[in-house]
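Structural description and commentary
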Amino acid sequence: MKIWPMAAACCLSMLASPALAQAQQQGDISKQIINVPTPEAFTVYGLSAKPGVVKDKNVQGGRALRVPILTASDQPWSVGLISAITQPVKKGDKLVIAVWARAEKLPEGATSARLSTIQIGLTKEPYTPVFKGEAEIDGTWKMVHVVGTADRDYAPGDISVSLHLASAKQVLDIGPILLLDLSK
């Protein structure tokens, strides 16, 4: 799909660092996407019903996964989203997780919603993060990102991108998630 090179270029242009600028100048940026970025491919856990995909011309790719969080939790990982990583990662690889997100419904009385965790982590116990961050979003589409470095080599399927979403009663729209390996 031709939208991913444009989305990757947009992501890189929004992140101002010398390494990212250099990566943007390379040929085909889509070769640096090492996950399955489409909302239809995400795995969501912790909900009683599978969330639906909604069309929205205002987000890259035109589609998002609408995730209703029915109750706040002191364990924000109790509802989460996973995007599979399909390529190997080598120790020292510079990685960028770029997430398009917005709050369809904000927590009561709030002006923003919190993505309590955006991370790369192990796909099996002990589910240790390789690196992580968090972000605040509001009712408008925003690309948020987290940058990190691989601590060792990982085979496809050993790690994944995940978001922890149960920080408040809220409805979140999650658009494409791109994991870019700037070392490719």
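An account of the accompanying structure is given in this report. A quick note: this is a predicted structure, and the numbers were derived from the prediction, not measured. (Residues numbered from 1 in each chain as written. Predicted model: local features only at pLDDT ≥ 70, side-chain atom pairs only at ≥ 80, totals over all residues. Heavy atoms only, no water.)

Thoughts on the nonpolar core
Generally speaking, a soluble globular protein has its nonpolar side chains buried in company with each other. Keep this limit in mind: The definition of a nonpolar core used throughout is a set of buried Ala, Val, Leu, Ile, Met, Phe, Trp, Tyr and Cys residues joined through side-chain atoms within 4.5 Å. Think of it in three bands: residues with accessible area under 20% of the maximum for their type are buried, residues over 50% are exposed, and the middle band is partly exposed, with areas taken using a 1.4 Å probe on protein chains only. For helices the rule is a DSSP run of H or I covering at least 4 residues; for strands it is a run of E covering at least 2, with both sets numbered from the N terminus onward. Should any heavy atoms of two residues lie within 4.5 Å, those residues are considered in contact.
The biggest cluster of nonpolar side chains holds 35 residues, and the ones touching the most others in it are I97 and I174. Put simply, the parts of the chain that give this core at least two residues each are β3 (63-69), β5 (94-105), β6 (113-122), β7 (129-137), β8 (142-149), β9 (159-164) and β10 (170-181). Ranked by the residues each element gives to this core, the list is headed by β5, at five residues. Those residues in contact with I174 that lie beyond four places of it in its chain are P39, F42, A64, L65, L81, V99, W100, A101, L115, W141 and L163. Counting residues in hydrophobic clusters, the runner-up holds twelve residues, among them V59, A64, W141 and L180.

Structural notes on the sheet that holds strand β1 (residues 43-45)
Stated formally: Strands were regarded as paired on the criterion that DSSP finds at least two bridges between them. Inter-axis angles, ranging from 0 to 180 degrees, are taken between N-to-C directions of lines fitted to C-alpha atoms, where helices are fitted over the stretch in contact.
With antiparallel pairing, five strands are arranged side by side in an open sheet as β1-β4-β9-β6-β7. With partners counted over all chains shown, the strands left at the sheet margins are β1 and β7, one partner each. Strand after strand, the sheet turns through a mean of 20 degrees between neighbouring axes, direction not considered. The pairing of β6 with β7 spans seven bridges and is classified as antiparallel. Directly across from Q119, in β7, lies its bridge partner K132.

Here's the deal with the layout of surface pockets
Note the cut-off: In this analysis the probe radius is 1.4 Å and the grid spacing 1 Å, with only protein atoms considered; a cavity is a set of points the probe fits into but cannot get out of, a pocket is an open set with protein on both sides within 12 Å along at least five of seven lines, and lining residues have an atom within 4 Å of a point. Grid points are joined across faces, edges and corners, and a volume is the space filled by probe spheres set on the points. Any residue that is not Ala, Val, Leu, Ile, Met, Phe, Trp, Tyr, Cys, Pro, Asp, Glu, Lys or Arg is counted as polar, Gly included; the first ten are nonpolar and the last four charged.
Each pocket or cavity is described by its volume, and for the largest pocket that value is around 330 Å³. Y45, Q119, Y127, S162 and H164 are, among the 15 residues lining the largest pocket, the residues nearest its centre. Contributions of two or more residues to the lining of the largest pocket are made by β6, β7 and β9. The leading source of residues in the lining of the largest pocket is β6, at four residues. The residue inventory of the lining of the largest pocket, partitioned by class, reads seven nonpolar, seven polar and one charged.

Some details on the sheet that holds β5
As summarised here, the arrangement of the five strands in space is β2-β3-β10-β5-β8, forming an open sheet in which the pairing is antiparallel. Looking at which strands have only one partner, the edges of the open sheet turn out to be β2 (53-55) and β8. In this sheet, neighbouring strand axes are inclined to one another by 35 degrees on average, regardless of whether the strands run parallel or antiparallel. Two elements, β5 and β10, share nine bridges in a ladder whose sense is antiparallel. Paired with K105 across the two strands is V171, which belongs to β10.

Examining the environment of P51
Structurally, P51 can be placed in the loop between β1 and β2. Residue classification places P51 among the buried positions, given a relative accessible area of 11%. Separated by 16 residues in sequence, P51 and V67 have C-alpha atoms that sit 5.6 Å apart. The contacts of P51, once residues within four sequence positions are left out, are V44, L65, R66, V67 and P68.

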